[in-house]
Amino acid sequence: MGDGEPMSQSSPDTQRPDKQGNARRRAWLKEAVKAGGRWNGAATGLLCLDGLAAIGFAAALAGGLTSLEGGMEAVWPWLVLGILAAAGRGVFSTLSARAGAEAARRAKTVLRRRMVVASLAIPAGERPPVGSLMTSAVDEVEALDGYIARFMPARMAAAVVPFLVLGATALASPFSAGILAFTLLPFVLALALTGGAAADQARRQFDALSRLSSLFADRVRSLPTVLSFQAEGRETARLAGAADELRRRTVKVLRVAFLSSGALEFFAALSVALVAVYAGFNLLGLLPFPAPEALDLGRAFFVLALAPEFYAPMRRLAAAYHDKQAAETAADRLEALEAMARAPDAGARPIARAPAIRFEDVAVRFPGEDRAVVEGFNLDIAPGQVVALLGPSGSGKTTLLNLLLGLAPLTEGEVLVDGLALSEAGSFAPSIAWMGQAPLIVPGSIAENVALSRQDAPVEAIARAARRAGLGPMLLERPGGLDAVLDERGAGLSGGERRRIALARALLKDAPILLLDEPTAHLDAEAEAALIPVIREGAKGRTTIIATHSERLAALADQVVRLD
Amino acid sequence: MSSPGRLQQLLAAERARQRGRFIIAGLAAATVSAASVLLLGLSGWFITGAALAGAAGSASAHAFNYMLPSAGIRLLAILRTGSRYGERLVGHDAALRALARIRPALFSSLAAAPPARSMSLSTGEASARLVQDVDAVEAHFVRLSANWGMVASIASGTALLLLAGIAPALAAAGIALGFLLLAHLLANALQARGRAAQRAAGRLKEDFATYAAAASELRAYGLEGWAAGRIDERSQELASAQSRVTAGAGWFELGQAVATGLAAVAALGLSYGGPLPMAALAALGAAMTVDGVSSFARGLERRGTLREAEARLESMLDAEIPPRPSRPLMDAAPAIRLSRQDALLRPGEVVAVTGPSGCGKTTLLETLLALREVEPGRISLGGADLAMLPPDVARRCFAHAPQDAALLAGTVRDNLRLAAPDASDGELWEALRDAALADRVAALSGGLDAWLGENGARLSGGERRRLVLTRAYLRPAPWLLLDEPTEGLDAATEARVLDALQVRLERTGQGALIVTHRPGPLALCGRVVALGGREVAGPALVPMIG
């Protein structure tokens, strides 16, 4: 289908585990977990208390059983202890789960914010599809939930609770405790083997999930196109292929995971049986070797009831192991995503007055592209001048504008703004008002949408910018005018109206550099003619660069540059 | 809900398909539960019996049959472990198989739904629905075997405890059922929390998609922090909703622990007066009976999430598909009559559509493509009212190059093959040349297999437009619908594109409706249809993509 490979190319690469990578990933996860603060410790502590209550419950059953012959008065205290211990288990494990969830909540919120910031800071030419970014910021961050809320407390508790149980067992029957301790080493080895085998598969399964998610999002977004080419059948088949691939990978992961957890369970059951057989034969006096201790019913029953609790924390750990794998996979992907982000340069400090701009032998080449978009470009712009960039599509007009914003890499040469070097400043964004080809429309009023470029702008300034951008007739038609509310997609806005909102936004920002990218595209001749004086007005007192195909618009420029 | 919705029908059909696997998983779950109850009961009985026999002296000890119980214990341990592996693997496999068919079926239903329904889904929300909601349904499918485990647990527990007496058996069964009732009530009370969390996740994705799609503009105005803050609010809402779900789940945990303890203690106490080994059997068996129903009870905890997911998927699917009389496919190129403009467009005519921005030029093309509803009597196609034609019949008459240059995430080839699945590379290159794009594609690393990124992010606006034009060329339809085909092109490229278009139209005999206000394309057109005034357009059904 030609779909699998490119999709994974464009999503963050997942690396095979190596020592250095493991160390880095561990450090990354540790950092992420830290945000949970003391709740991490609380979850573990409460889980250990749960282990103590389990010991109490086993004691209550054993005590109750042995005192049954002594009359109901002797039994009651044990029964009460049993109910209290059981309730204690419930309370402790509930509180532990809540503490773990709270730790996870804090860590996830912090991490998600980091990922959102990183996603938005990936330069235009290198950005993965929105669907893939969304999977990272929402679902992959969510993968840390199980790691923090379940795996981490389980791992800590697994290092403590078995020894509490072992101690309690040793009080009743040192030999049984010895049997349990003896089985500990092979059990832990089996546990460790469980992990490695499944990790690789889990990683691939996560890739498949991300691919399916991207594909769904894209095809639903493109549904009008798919429908107009009557390709719904073929695209459904493609989705079916992706869904089936996900199923096959998931089953592979599960087969390994279930097999290893089954092995652990079987091993634990055999160990408990060993204790049971020892206790039984000891009680019968039929041990084939000299009895190391004299057991009675109470002790034997206590040991037997407690034995499964020796393995329970480790089995809980094994059950939470896929949480660890999911978190590690997510950690690799999120780390790669963060690495793609180019920390937004603070940029040169805002320039007060319309500056001179000078391009010297500028070349721009996006990473992974074999062809430079712009090469050997030279241009001198005097302060306050209006320059029109004309040229065939793909000649790099938009890229030159993006360069000033720090959205395209300066591969060679230099751009000087009032003598300030772009290579040092990184971007001149603080001094730039900009209008692009795909305006952002957010849910909210038209005024709020215009004011995105200057959020503290007074109402009159917004109204003035809207009027100057030619939004007047549209505002008159809508109830509420500037306060008319737009939904997420700006339903009901024509292409031209969107451009005017973006233009109003550019005019509202009090910046000495004005960059306009195709400001009159999609407008009919009449509307374009009406807009040209508005642009000329807006350009007053600003150094202005207009990327356009319109000769009529270019006619207002002081200088016309033809790219080829 | 009086009659099952389309989703329920779909789920039922897939459940029926996987019935064999679900039954195997259920039987395995029942075996696990019964084996657990018997294993613990038997162990308790064995130890206690051994203790009594040992205390009674060496003769009784030798008379005590330890072979059978200890063999039983081993058998049950193996049976439990093996069955649990089988239950998990087969249950998950069945659920995954069912869901791998349900996902595409959902997309297919979405494509068949009226455009107003299917296209009102935005990127983030749509993806949340299709992926996350389907996952919730899948988790439910996985849990189906727990029903069998629950029944087997109560049945085997009650039967085993009857050996110790009627009272312990009734107590254990009663406590297990009481726990289930409590879980059911809790699940109902906590449903709203699960739904809220699901919705919060959808809103987070929706907002994230909106802002991530506009990352360049955010950078330009230094709005990244602001946008991150808006997304962060959604993230916090989701986190709080999830905390409430966890808090709710805690009650199940508490209930289970108390019920287990209560059952064991009650069975022990009620065995008073009976033989000691039977009391041990009752206590441990009762504890395992409650344990066996707990995975079913924990499934109830997810009820809110499931109902929410189902409701949302259902609302996506349940739209009435308007019944249209099926007609034989039109074989000849049909004429188009626009009654409002009183224009009859004959096959092969090249027609310009003009008018001020916002007058509905794009809407007209989308209406012809049955992407929008049309009033009866407004447009006819080949003599038939468009409103009465099945969408497929209308769509096969047109090759569309939309204004918003919507491309699929995929390669150049993927995008072109959308129009012509069987086209050879030669045909693809020829169409690319006609759109003056062949040189650019040849320069891309990978050529036809170059990955374009989402919505053709690697191409400039003009290049995307020409790729969309290429795609329209490749579709052998009697009419081309070109929406501002040369907008954003420089004069030289525009001239090349239009020359090639003219040659193409003469060669293929295709008609064309060209939305434009530029002199170049207008010169190509034999006539002009002017859409006057501002028509009241319906809500924008087609996602606007820059």
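Thresholds applied
- Every chain is numbered on its own, with residues counted from 1 as its sequence reads.
- Each chain takes a letter, starting from A, and each ligand takes a number, starting from 1, following the order in which they are written.
- Two thresholds apply to this predicted model, a pLDDT of at least 70 for residue-level local features and 80 or more for giving and counting side-chain atom pairs, whereas whole-chain, interface and lining totals are computed over all residues.
- Secondary structure counts use DSSP, requiring at least four H or I residues in a row for a helix and at least two E residues in a row for a strand, with both numbered from the N terminus.
- Neighbour density around each residue's C-beta defines its exposure: 20 or more other C-beta atoms within 10 Å make it buried, 12 or fewer make it exposed, and counts between make it partly exposed, where C-beta atoms are placed from the backbone.
- Contact definition: two residues whose C-beta atoms, as placed from backbone geometry, lie within 7 Å.
- Put simply, Ala, Val, Leu, Ile, Met, Phe, Trp, Tyr, Cys and Pro go in the nonpolar bin, Asp, Glu, Lys and Arg in the charged bin, and everything else, Gly too, in the polar bin.
- Per-residue confidence from the predictor is given as pLDDT, running between 0 and 100.
- At least two bridges found by DSSP between two strands is the condition for calling them paired.
- Axis definition: a line fitted to C-alpha atoms, limited for helices to the stretch in contact. Angles are taken between N-to-C directions and run from 0 to 180 degrees.

Looking at the overall build of chain B
Argument step 1. Scanning chain B from N- to C-terminus turns up 20 helices and 9 strands.
Argument step 2. A burial count over chain B gives 60% of its 546 residues as buried.

Let's talk about the interface of chain B and chain A
Reports often express the size of an interface as the amount of accessible area lost when the parts come together.
Argument step 1. The interface is formed by 139 residues belonging to chain B together with 141 residues belonging to chain A.
Argument step 2. If one sorts the elements of the side of chain B that touches chain A by residue count, helix 10 (residues 224-270) of chain B sits on top with 25 residues.
Argument step 3. Partitioned by chemical class, the residues of the side of chain B that touches chain A number 73 nonpolar, 41 polar and 25 charged.

Let's talk about the confidence of the model for chain B
Argument step 1. Looking at chain B as a whole, its pLDDT mean stands at 84, while 89% of the residues score no less than 70.
Argument step 2. The ipTM for the predicted assembly is 0.78, set against a pTM of 0.73.

Quick word on the pairing of strand 9 (residues 513-517) of chain A
On any regular strand, side chains alternate: one points to one face of the sheet, the next to the other face.
All names here are of chain A.
Argument step 1. Taking burial as the measure, the 5 residues of strand 9 include 5 buried ones, the bulk of the element.
Argument step 2. The side-chain alternation of strand 9 yields two buried faces, one formed by I513, L515 and D517 and the other by L514 and L516.
Argument step 3. In this sheet, strand 9 lies alongside strand 6 (residues 432-435) in parallel orientation, the contact comprising 4 bridges. When the bridges of strand 9 are listed, I432 appears paired with I513.
Argument step 4. Of the strand pairs in this sheet, strand 9 and strand 10 (residues 543-547) are connected by 5 bridges, and their pairing is parallel. Looking across to strand 10, one finds that D517 is bridged to A547.

Things to note about the environment of G222(B)
Argument step 1. Here G222(B) shows up in the loop between helix 9 (215-220) and helix 10.
Argument step 2. Along the primary structure G222(B) and L68(B) are separated by 154 residues, whereas in three dimensions their C-alpha atoms are 78 Å apart.
Argument step 3. Dropping the residues within four chain positions of it, G222(B) is found in contact with A429(A) and P430(A).

Things to note about the environment of D517(A)
Argument step 1. Residue position: D517(A) is located in strand 9.
Argument step 2. For the pair D517(A) and K397(A), spaced 120 residues apart in the sequence, the C-alpha separation amounts to 8.2 Å.

Section: the sheet that holds strand 4 (residues 412-417) of chain A
All names here are of chain A.
Argument step 1. Pairing in this open sheet of 4 strands is antiparallel, and the strands run 2-1-4-5 from one edge to the other. Here the strands that pair on one side only, and so sit at the sheet edges, are strand 2 (374-381) and strand 5 (420-421).
Argument step 2. Across 5 bridges, the pairing between strand 1 (residues 357-364) and strand 2 is antiparallel. The residue of strand 2 that forms the bridge with I357 is I381.
Argument step 3. Set on the sheet, helix 11 (residues 397-405) makes contact with strand 1, strand 2 and strand 4; between it and strand 2 the angle comes to about 70 degrees.

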